[in-house]
Amino acid sequence: MTNRSNAILVYDSLASVQKWITVGAFVTCLSFIVAEVILRNVVRVSLFGTSEIAVLSAWWFYMFGASLGAWERTHIKADILLVFVKKNPRGMAIVRTISSSLTVFLCAATASWAFTYIDRAIDLHRTSSYLRIPMIFAQAPILIGLILMTFYFLLQLTDHVLQLTGKRPIAAYETGDA
C-alpha cells in the first residue's frame, strides 16, 4: 500500500466516523423530539429533560453535518466573483485560492474562540439546567466540528494553490471544484 492510499484510507475512515456520529445524533434528536410531542399532545405529560437531550444531540448533528459538508466540498459558498472570471481559468484559480484562504482563516479563528468557550465552561463547571449534564458535552461538538472543517478547508486551500501553480491537486475526495 502506498502512502497516498494509506492517507486516503485514513481520510475516508474519518469521514465514515463523522457520518455515523451525524446519523446517530440525528436519530437521537429526532427520537426525543417525537417522544416529547407524543407525550405532550397524546398522553398530556412532559418527560423530564427531553429537550436538553434533543438540544445536546442537535449540536452534534449540526457541527458534524457541517464538517461533512466541508469534507464533501458541498458547503455553502459565496463565490460570486467566479461569475465574472469564469472564462479565465487562471482568474478562477486565483479567486478560489483567495476564497479558500479566507475560509481557513475564519474557521481557524472560530475554532480558537470555541476552545476558549469550552475552557471557560470547564473552569466554571457548567452543567445543564435539569439533567446536570456537563456543558462540555454540548460544547465539544462545536470545537471538534470547527477543527475538522479547518482541516478540510486547509486541504481545499492546498488543492487550490496547487491548481494555481499548475500542479495536480492532492485531494483524496475529488470534486468538481478541487
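Residues numbered from 1 in each chain as written. Predicted model: local features only at pLDDT ≥ 70, side-chain atom pairs only at ≥ 80, totals over all residues. Heavy atoms only, no water.

**Looking at helix H4 (residues 89–124)**
Now for step 1: Between its first and last C-alpha, H4 extends 52 Å over 36 residues, near the 52 Å set by a 1.5 Å rise per residue.
Now for step 2: Gly-91, Met-92, Ala-93, Val-95, Thr-97, Ser-100, Val-104, Cys-107, Ala-111, Ala-114, Ile-118 and Ala-121 are the residues of H4 that are buried.
Now for step 3: Tucked into the core, H4 has its buried residues touching helix H3 (81–84) and helix H5 (136–164).
Now for step 4: Two or three places before Arg-90, at the opening of H4, Asn-88 has a side-chain oxygen 3.1 Å from that residue's backbone nitrogen.
Now for step 5: Phi turns positive one or two residues past the end of H4, at His-125, with a value near 55 degrees. (Helix = DSSP H or I, 4+ residues; strand = E, 2+ residues; numbered from the N terminus. Expected span 1.5 Å × (residues − 1). Buried < 20%, exposed > 50% of the residue type's maximum accessible area, 1.4 Å probe, protein only. Contact = heavy atoms within 4.5 Å. Polar contact = N/O pair within 3.5 Å; in protein donor to acceptor, adjacent residues only side chain to side chain.)

**Side note on the pattern of salt bridges**
Now for step 1: All told, the structure shown has two salt bridges when counted by the stated rule.
Now for step 2: Among the ionic pairs, Glu-36 bridges to Arg-40, the shortest N-O distance being 2.5 Å. Of this pair, Glu-36 and Arg-40 both sit in helix H1 (residues 3–43), four residues apart, which is roughly one turn of the helix.
Now for step 3: Using a relative accessible area of 9% as the deciding quantity, one classes Glu-36 as buried.
Now for step 4: Given the relative accessible area of 49%, Arg-40 is considered partly exposed.
Now for step 5: Asp-159 is the salt-bridge partner of Arg-73, the closest N and O atoms lying 2.9 Å from each other. (Salt bridge = Lys/Arg side-chain N within 4 Å of Asp/Glu carboxyl O.)

**Quick look at unusual backbone geometry**
Now for step 1: You will see that His-125, though not glycine, has its phi angle at about 55 degrees, which is positive.
Now for step 2: Tracing the chain through its elements places His-125 in the loop between H4 and H5.
Now for step 3: The backbone of Arg-132 sits at a positive phi, close to 60 degrees, despite the residue not being glycine.

**A short note on H5**
Now for step 1: For H5, built from 29 residues, the straight-helix expectation of 42 Å at 1.5 Å per residue is met to within 8% by its first-to-last C-alpha distance of 41 Å.
Now for step 2: Backbone geometry just after H5 places Gly-166 at a positive phi near 80 degrees.

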